[in-house]
Amino acid sequence: MSDHTNEVVRDTIVLITGVVLVTSTIWLPVDGDTGVSGAILILGMLSAGTALWAISSASRSSHWAHVVLGVTLALSPLILAFPADLLVTDMFAIVGGVLIASLGVLGVVSSTRRAPEASRLVASSISRQADRDHVWS
């Protein structure tokens, strides 16, 4: 598969993960804790949005956004102190976050690998002029 195809597949997986997270807030057991469902809803929407951005722009910034959003989502049960009895919700946040962050890291690594090499100076005009002078002498 080409690099572009791999990138689109990664971004599509992030998009699907974001959509699953958003729709999961309908049925995940949060026991009326709107902070938990709101966090997953917002981070899922942001993930889906950055995936659409990544698909349309192929920007390295979008891959970094996936890394940041994924880490934030994976750590959200700890950072936001989800109640202890929300194990299924914790797992959704952690697995979704790790998946999104991993795909973001893969995107950053692959875009760094295919970055163009810096141009090198092969010959300068001074050395060419010296060569011409040498030939005509």
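Our structure is the block above this text.
Residues numbered from 1 in each chain as written. Predicted model: local features only at pLDDT ≥ 70, side-chain atom pairs only at ≥ 80, totals over all residues. Heavy atoms only, no water.

**Student:** Report on the side chain of Asp-11, specifying residues and quantitative values.
**Tutor:** Residue position: Asp-11 is located in helix 1 (residues 3-24). Buried charge Asp-11 goes without a salt bridge, the closest partner of opposite sign being Arg-10 at 5.5 Å. Filtering out sequence-adjacent residues up to four positions away, Asp-11 remains in contact with Ala-51, Ala-54, Ile-55, His-63 and His-66. (Helix = DSSP H or I, 4+ residues; strand = E, 2+ residues; numbered from the N terminus. Buried < 20%, exposed > 50% of the residue type's maximum accessible area, 1.4 Å probe, protein only. Lys, Arg positive; Asp, Glu negative; His and termini not counted. Salt bridge = Lys/Arg side-chain N within 4 Å of Asp/Glu carboxyl O. Contact = heavy atoms within 4.5 Å.)

**Student:** Describe the packing of aromatic side chains, with residues and values.
**Tutor:** Scanning the model with the defined rule gives 1 aromatic pair in all. For the pair Trp-27 and Phe-92, a centre-to-centre distance of 5.4 Å together with 80° between the ring planes defines the contact as edge-to-face. Highlighted residues: Trp-27 in the loop between helix 1 and helix 2 (34-57) and Phe-92 in helix 4 (residues 87-113), separated in sequence by 65 residues. Taking relative accessible area as the criterion, Trp-27 reaches 53% and is therefore assigned exposed. Judged by its relative accessible area of 24%, Phe-92 falls in the partly exposed class. (Phe/Tyr/Trp six-rings, centres within 6.5 Å; stacked < 30°, edge-to-face > 60°.)

**Student:** Kindly report on the packing of helix 1 against helix 2, identifying the contributing residues and their values.
**Tutor:** For the pair helix 1 and helix 2, interaxial distance at closest approach is 8 Å and the crossing angle is 155°. It follows from the interaxial angle that helix 1 and helix 2 lie roughly antiparallel. Where helix 1 crosses over helix 2, the two elements pack in a sense that is left-handed. Mapping the contact onto sequence places Asp-11, Thr-12, Val-14, Leu-15, Gly-18, Val-19, Leu-21, Val-22 and Ser-24 in helix 1 and Ile-40, Leu-41, Gly-44, Met-45, Ser-47, Ala-48, Ala-51, Leu-52, Ala-54 and Ile-55 in helix 2. Partitioned by chemical class, the residues of the contact of helix 1 with helix 2 number 13 nonpolar, 5 polar and 1 charged. (Axes fitted to C-alpha atoms, helices over the stretch in contact; angles between N-to-C directions. Parallel < 35°, antiparallel > 145°, perpendicular 65-115°, else oblique. Left-handed = near helix turned anticlockwise from the far one by under 90°. Nonpolar A, V, L, I, M, F, W, Y, C, P; charged D, E, K, R; others polar.)

**Student:** Any chance you could break down the packing of helix 1 against helix 4 for me, citing the residues and the numbers?
**Tutor:** If you want to describe how two helices pack, look at the angle between their axes and the distance between the axes. Where helix 1 meets helix 4, the closest approach of the two axes is 10 Å, and the angle between their N-to-C directions is 160°. By the angle between their directions, the pair helix 1 and helix 4 is classed as roughly antiparallel. Relative to helix 4, the crossing made by helix 1 is left-handed. Where helix 1 approaches helix 4, its residues Arg-10, Ile-13, Val-14, Thr-17, Val-20, Leu-21 and Ser-24 are matched on the opposing element by Phe-92, Gly-96, Leu-99, Ile-100, Leu-103, Leu-106, Gly-107 and Ser-110. Classifying every residue of the contact of helix 1 with helix 4 by side-chain character gives 9 nonpolar, 5 polar and 1 charged.

**Student:** Account for helix 2, with residues named and values stated.
**Tutor:** For helix 2, with 24 residues, the first-to-last C-alpha span of 34 Å sits near the 34 Å given by 1.5 Å per residue. Among all positions of helix 2, only Val-36, Ser-37, Ala-39, Ile-40, Leu-43, Gly-44, Ser-47, Ala-48, Thr-50, Ala-51 and Ala-54 are buried. (Expected span 1.5 Å × (residues − 1).)

**Student:** Outline a nonpolar patch on the surface, supporting the account with residue identities and numerical values.
**Tutor:** On the surface, a nonpolar cluster with roughly 490 Å² of combined accessible area is contributed by Val-71, Leu-75, Leu-78, Ile-79 and Leu-80. Mapped onto the fold, Leu-78 is located in helix 3 (residues 60-79). A relative accessible area of 69% means that Leu-78 is categorised as exposed. (Patch = residues over 30% accessible without salt bridge, like charges linked within 9 Å, V, L, I, M, F, W, Y side chains within 5 Å. Areas by Shrake-Rupley, 256 points an atom, 1.4 Å probe, with all protein chains shown as cover.)

**Student:** Requested: an account of the nonpolar core, with residues and values cited.
**Tutor:** Proteins that are soluble and globular tend to have nonpolar side chains buried together. Membership of the largest hydrophobic core comes to 15 residues, with the highest contact counts inside it found for Val-14, Leu-21, Val-36, Ile-40, Leu-73, Phe-82 and Ile-100. Listed by contribution, the elements that provide at least two residues to this core are helix 1, helix 2, helix 3 and helix 4. The element best represented in this core is helix 2, accounting for 4 residues. (Core = buried A, V, L, I, M, F, W, Y, C linked by side-chain atoms within 4.5 Å.)

Taken by themselves, the reported measurements are silent on function.
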